[in-house]
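Fold and contact review
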Amino acid sequence: MYGRDPWGGPLEINAADSATDDDRSRNLNDLDRAALSRPLDETQQSWLLGPAEQKKKKKYVDLGCVIVSRKIFVWTVGSIVAAGLLVGLITLIVKTVPRHHHSHAPADNYTLALHKALMFFNAQRSGKLPKHNNVSWRGSSCLGDGKGKQGSFYKDLVGGYYDAGDAIKFHFPASFSMTMLSWSVIEYSAKYEASGELNHVKELIKWGADYFLKTFNSSADTIDRIVAQVGSGDTSGGSTTQNDHYCWMRPEDIDYDRPVTECSSCSDLAAEMAAALASASIVFKDNKAYSQKLVHGAKTLFKFARDQRGRYSASGSEAAIFYNSTSYWDEFIWGGAWLYYATGNNSYLQLATMPGLAKHAGAFWGGPDYGVLSWDNKLAGAQLLLSRLRLFLSPGYPYEEILSTFHNQTSIIMCSYLPIFTKFNRTKGGLIELNHGRPQPLQYVVNAAFLATLFSGYLEAADTPGWYCGPNFYSTDVLRDFAKTQIDYILGKNPRKMSYIVGFGNHYPKHLHHRGASIPKNKIRYNCKGGWKWRDTSKPNPNTLVGAMVAGPDRHDGFHDVRTNYNYTEPTIAGNAGLVAALVALSGDKTTGIDKNTIFSAVPPMFPTPPPPPAPWKP
C-alpha cells in the first residue's frame, strides 16, 4: 500500500504504521536507550550539547591486572606512605621516651629477703661443692668424712650441711631443717616459682636428703643403728683436743680427726629423719624412682624409731650439750603424719592419731613452752599438719575426735600468739618472747610466723573467714598481721633499726660467729690456733655470709655485734629454715594461697567409691 508523501515523494506504509501511539512511544524509547548506550564522538556531542565547556581527559595507570585512575592511585599510595610514617613516628616515641612498668610490681621485702635466706644454705654445704654454688669464698671441704672405717654400715658421710658457725653436722636439727623446707615447698610451690627460687630450694632439699640416705642402710627394710653426728665440739673441762669448737679454721682447711657418732636407740632422731625423707618424697613426687627411694628410707627409719625406743641425746652423749631432745613422742606424731601423707597408708594415720601418743607428747596440757615449734618439739607443727587433714578431707570416724582436738589446740596456740593475750611477753620493740627471754629467740619467732600464716591460709582455702578465741571471733588477717610484725622486726623494723639478716638492708651484723665467714680466703692456711686471731679481732668479717639470720637480740631489744658471743651473732640452719618458710608464706600476692592438693597426692579417697548404676532394664 502506498500513500502520497506530503514532502514530494512516495511514502511506503506497512503493518508497523498501524501501531498505536503507545507502541510507538515504547519503540522510540528503545531507540533512545540504544542511542545513548553507543558512545558518541566529540562532533556528535557538540551537535547535541552545543558549545558547552569540554571536560578534561582522565588519566589512568595500568597496573597490569587492572587499570585504575591515576588520581585514585596517587591518593592510595600517599595514604599508605603517610600511615607508615605515622606508625614509625609513634614507635620511635614509645621506644625513646622513659616508661614506667606497671605489669610487674617491684619485689616486696619478703621476696628480697627470701633470695638471701636461701643463699645461707649454699654457704653451709659440706662435701664436694657444685660449680654453681655461688659463694665465692667457699670450696669443697671435709671430703674424708666417714671414710676408712671397716665393716661399717655406711660407705662415706661426705656432704650434708654444717650446723652453724662450726663444722659439725648435727643430724637432729638438720633433719628438722629439711622437713621445714619441704613443708614450705609443698604448701607454697607457686610462690617459690613466682620468685624464681623453686629449683634452688628443691636442690637444697635434695642435698640434705641425699646425705641422710648415707647415714643408715637405706636399702634395707630393717636396721639397728644410724649415724647421729659427724664432728665433735666438746671442750668441757678445759679440753685442748683439736675439734670443731676448739679450733677456729675454715672448713676447707680442717686436718684434725672428725669422729662419727652412731646410735642404736634414738627414736627422736630416726623419726625426725623419717619426716625429712617423707616430706621430701612429696616435693619430688614427679621423679618417681627418687621419690620411692626416699619413701623406703623413711619407712625403714620410722620402723627403727618405733622398735628401738630411746632418746638420741641420752646417756651423757655430746648431743645433750648442744641439741638435747626432751622426748620422742612429738616426733612419733610428726613422723607418722608425714609418712601418712607420703604413702597414704592408714596405719601411719592410726598411729599419729593415737590419744595415748598425743597425751605423752603433751597435747592436752599447757606448760610455758606449749605452742612453740622448734628443732626439739614438733607438737605444734604436727597438730597443724593433722588439722589440715580435718579441714580439707574430713575423714570422720575413727579419727574425728582426736583430729578435732588437734584443731582446737591449734586454734588455742594461734590465740596465744596474739598481742591481746598474755601467754607470751613481748619486748618493748614488739618481738614475741616465745622462749621467755632466754637467748637466741629468733629461731622460735620465725617458726611461729610460718605456722600463723599457714593456719590463716588453711582457713581461707576452706572458705572460713577466721577462728574463735573463747567467745571472740578473729579474722585470718589478724594472724598474717602477727606474722608480718615479727618478720618486719627481724628485717629492721626494731628499736635498733638493724636487720638481723646478713646482707639485707644497710645495717646488719658484721661480726658473725662463723669460722668460714671470719677468715679470709687468701691462699694462707691457718691451723687450729692460727685462726684464733680472726676469731678475736674486732674487725668485721672479711666474707659476707649472705642471708644468715643471727641468733637475735635480748629481751630488752639489745644486740651486741660481737663474734665471740654466739648468743647474739651465731646463725643456724634450723633457724634459717624457719625463716625461709615464713618469708615465702608472706611473699608475693596474697591471692596466691596454699596448694590444697599436692600433699594429698598419695592419700586414697576417704570414702569408698559408690558402685556404678545398674544397666538399663531390657524386656
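Model, not experiment: these values are computed from the prediction. (Residues numbered from 1 in each chain as written. Predicted model: local features only at pLDDT ≥ 70, side-chain atom pairs only at ≥ 80, totals over all residues. Heavy atoms only, no water.)

Side note on the side chain of Asp156
- With respect to the helices and strands, the residue Asp156 is situated in the loop between helix H4 (109-123) and strand E5 (169-170).
- Polar contacts involving the side chain of Asp156 include one to the main-chain amide nitrogen of Val158, which spans 3.0 Å.
- Among the polar contacts listed, one links the side chain of Asp156 to the side chain of Lys214, at a separation of 2.9 Å.
- Ignoring anything within four residues of it in the chain, the contact list for Asp156 reads Asp145, Gly146, Lys147 and Lys214. (Helix = DSSP H or I, 4+ residues; strand = E, 2+ residues; numbered from the N terminus. Polar contact = N/O pair within 3.5 Å; in protein donor to acceptor, adjacent residues only side chain to side chain. Contact = heavy atoms within 4.5 Å.)

Observations regarding the pairing of strand E9 (residues 472-475)
- When strand E8 (residues 466-469) meets E9, the two strands line up antiparallel, connected through 4 bridges. Of the residues in E9, the one forming a bridge with Gly466 is Ser475.
- In textbook terms, the turn of a hairpin is the stretch between consecutive antiparallel strands, and for E8 and E9 this stretch comprises 2 residues, one of which, Gly470, has a positive phi near 65 degrees. (Pairing = 2+ DSSP bridges.)

Section: the side chain of Ser126
- Inspection of the secondary structure puts Ser126 in the loop between H4 and E5.
- Looking at Ser126, the relative accessible area reads 0%, which means it is buried.
- Here Ser126 is in contact with Ser141, Cys142, Asp145, Gly159, Gly160, Tyr161, Tyr162, Lys169 and Trp207, once residues within four sequence places are set aside. (Buried < 20%, exposed > 50% of the residue type's maximum accessible area, 1.4 Å probe, protein only.)

Details of the pattern of salt bridges
- The full count for this structure, using the stated rule, is 22 salt bridges.
- Among the ionic pairs, Asp253 bridges to Arg250, the shortest N-O distance being 4.0 Å.
- Taking relative accessible area as the criterion, Asp253 reaches 14% and is therefore assigned buried.
- On the basis of relative accessibility, which here comes to 9%, the residue Arg250 falls in the buried class.
- The salt bridge partner of Glu272 is Lys378, with a shortest N-O separation of 3.1 Å. (Salt bridge = Lys/Arg side-chain N within 4 Å of Asp/Glu carboxyl O.)

Structural notes on the state of the cysteines
- Tallied over the full model, the rule gives 3 disulfides.
- The disulfide bridge from Cys247 ends at Cys528, spanning 2.0 Å between sulfur atoms. With the S-S dihedral at roughly -90 degrees, the linkage between Cys247 and Cys528 falls on the left-handed side. Of this pair, Cys247 sits in the loop between strand E6 (226-230) and strand E7 (260-263) while Cys528 sits in the loop between helix H17 (515-518) and helix H18 (532-536); the two residues are 281 residues apart in sequence, bridging distant segments of the chain. For the pair Cys247 and Cys528, a shared accessibility class is recorded, and that class is buried.
- What pairs with Cys263 in a disulfide is Cys266, and their sulfur atoms sit 2.1 Å apart. In this structure, the disulfide formed by Cys263 and Cys266 twists by about 80 degrees around the S-S bond and is classed as right-handed.
- Residue classification places Cys263 among the buried positions, given a relative accessible area of 10%.
- Ordinal numbering of bonded cysteines along the protein chain defines a disulfide pattern of 1-6, 2-3, 4-5. (Disulfide = S-S within 2.5 Å.)

Section: the sheet that holds E7
- Within the open sheet, the 3 strands sit side by side as E5-E6-E7. Their pairing is antiparallel. Of all the strands in the sheet, the pair left with one neighbour each is E5 and E7.
- When E6 meets E7, the two strands line up antiparallel, connected through 4 bridges. Bridge pairing links Val227 to Glu262 in E7.

Considerations on the packing of helix H6 (residues 198-212) against helix H7 (residues 267-283)
- The interhelical angle for the contact between H6 and H7, taken along N-to-C directions, is 135 degrees, at an axis separation of 10 Å. The pairing of H6 with H7 is recorded here as oblique in orientation. When the axes of H6 and H7 are compared, the crossing they make is left-handed. Between H6 and H7, the residues in contact are Lys202, Ile205, Ala209 and Phe212 and Met273, Ala276, Leu277, Ala280 and Val283, respectively.
- Broken down by class, the residue content of the contact of H6 with H7 amounts to 8 nonpolar, no polar and 1 charged. (Axes fitted to C-alpha atoms, helices over the stretch in contact; angles between N-to-C directions. Parallel < 35°, antiparallel > 145°, perpendicular 65-115°, else oblique. Left-handed = near helix turned anticlockwise from the far one by under 90°. Nonpolar A, V, L, I, M, F, W, Y, C, P; charged D, E, K, R; others polar.)

As for the nonpolar core
- Core analysis: the largest hydrophobic core is formed by 165 residues, its most contacted members being Trp183, Trp338 and Tyr417.
- The dominant element in this core, judged by the number of residues it contributes, is helix H15 (residues 442-461), at 13 residues.
- Residues within four places of Trp338 in sequence aside, it is in contact with Thr179, Trp183, Ile186, Ala275, Ala278, Ser279, Ile282, Leu385 and Ile599.
- Counting 9 residues, the second largest nonpolar core, distinct from the first, contains Cys142, Tyr246, Cys247 and Tyr256. (Core = buried A, V, L, I, M, F, W, Y, C linked by side-chain atoms within 4.5 Å.)

Quick word on the packing of aromatic side chains
- All chains considered together, the criterion is met by 33 aromatic pairs.
- Considering the side-chain rings of Tyr526 and Trp534, the 5.7 Å spacing of their centres and the 80 degrees angle between planes classify their relative orientation as edge-to-face.
- The class for Tyr526 is buried, based on a relative accessible area of 10%.
- Judged by centre distance (5.7 Å) and plane angle (85 degrees), the ring pair of Phe559 and Tyr568 falls under edge-to-face. Of the two residues examined, Phe559 and Tyr568, each falls in the buried class.
- Grouping aromatic residues by their ring pairs yields a cluster made of Trp183, Trp334, Trp338, Tyr340, Tyr341, Phe450 and Phe600.
- Of note, Arg125 hangs over the ring of Trp207, and the distance from its end group to the ring centre comes to 4.5 Å. (Phe/Tyr/Trp six-rings, centres within 6.5 Å; stacked < 30°, edge-to-face > 60°. Lys NZ or Arg CZ within 6 Å of the ring centre and 35° of its normal.)

Details of unusual backbone geometry
- A cis amide bond links Tyr397 to the next residue, Pro398, at an omega of 5 degrees.
- One non-glycine residue, Lys497, lies in the positive phi region at around 50 degrees.
- As for its position among the elements, Lys497 is in the loop between helix H16 (476-491) and H17.
- Owing to a relative accessible area of 61%, Lys497 belongs among the exposed residues under this scheme.
- At Asp557, a residue that is not glycine, the phi angle is positive and equals roughly 65 degrees.
- Residue classification places Asp557 among the buried positions, given a relative accessible area of 6%.

Topic: the packing of helix H8 (residues 288-307) against helix H10 (residues 329-343)
- At their nearest, the axes of H8 and H10 sit 11 Å apart, and the two run at 150 degrees to each other. By the angle class used here, H8 and H10 are roughly antiparallel. Crossing geometry of H8 relative to H10 is assigned as left-handed. Note on element contacts: H10 touches H8 through Glu331, Phe332, Gly335, Gly336, Leu339, Ala342 and Thr343, opposite Val295, Ala298, Lys299, Phe302, Ala305 and Arg306.
- Grouping the amino acids of the contact of H8 with H10 by side-chain chemistry returns 7 nonpolar, 3 polar and 3 charged.

Worth remembering: the numbers are spatial, not functional.
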